[in-house]
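Working through the structure, step by step
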Amino acid sequence: QVQLVESGGGLVQAGGSLRLSCAASGRTFSSYAMGWFRQAPGKEREFVAAISWSGGNTYYADSVKGRFTISRDNAKNTVYLQLNSLKPEDTAVYYCAAAQGPLTPSATRNSWYRYWGQGTQVTVSS
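Everything numeric here is computed off the predicted structure, so don't read it as measured data. (Residues numbered from 1 in each chain as written. Predicted model: local features only at pLDDT ≥ 70, side-chain atom pairs only at ≥ 80, totals over all residues. Heavy atoms only, no water.)

Quick notes on the overall build of the protein chain
- A tally of helices and strands in the protein chain yields zero helices and eleven strands.
- Listed by position from the N terminus, the elements making up the protein chain come as β-β-β-β-β-β-β-β-β-β-β.
- Burial statistics for the protein chain: of 126 residues in total, 44% are counted as buried.
- For the protein chain, the share of sequence-separated contacts (at least 6 apart) that also reach a separation of at least 24 residues comes to 59%.
- Surface accessibility of the protein chain: about 6,400 Å² in total, with carbon and sulfur atoms responsible for 46%.
- Each charge class in the protein chain can be summarised by its mean position, and for the 12 positive and 7 negative side chains these summaries are 7 Å apart. (Helix = DSSP H or I, 4+ residues; strand = E, 2+ residues; numbered from the N terminus. Buried < 20%, exposed > 50% of the residue type's maximum accessible area, 1.4 Å probe, protein only. Contact = heavy atoms within 4.5 Å. Areas by Shrake-Rupley, 256 points an atom, 1.4 Å probe, with all protein chains shown as cover. Lys, Arg positive; Asp, Glu negative; His and termini not counted. Charge placed at Lys NZ, Arg CZ, Asp CG, Glu CD.)

Next comes the structure, spelled out in structure tokens:
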């Protein structure tokens, strides 16, 4: 069992930055691939980024490449999402998720993940 708690969301102006954190419980955090998703009002949850258990492999959605960076610190049981050059269209609830095993292209799918956090709101004003 893994419990995930996101933090770091907030209100920021366009062009600004935020750093989201996702703290995980459990001693086997390092065996999980981790992902970030987001859901805007009236829209489906969409993939943002994913990272392998070692941190050596990452995937990004085209819409955030070059602006967002996913990273992890296994000693702290935490995964991060650095959001730079934010745009109003990045406004959403951001969720982290965990899936046991190696990172695969399936990491872009909601259904690949077993555990989810409660989400943190990011609002970007124009």
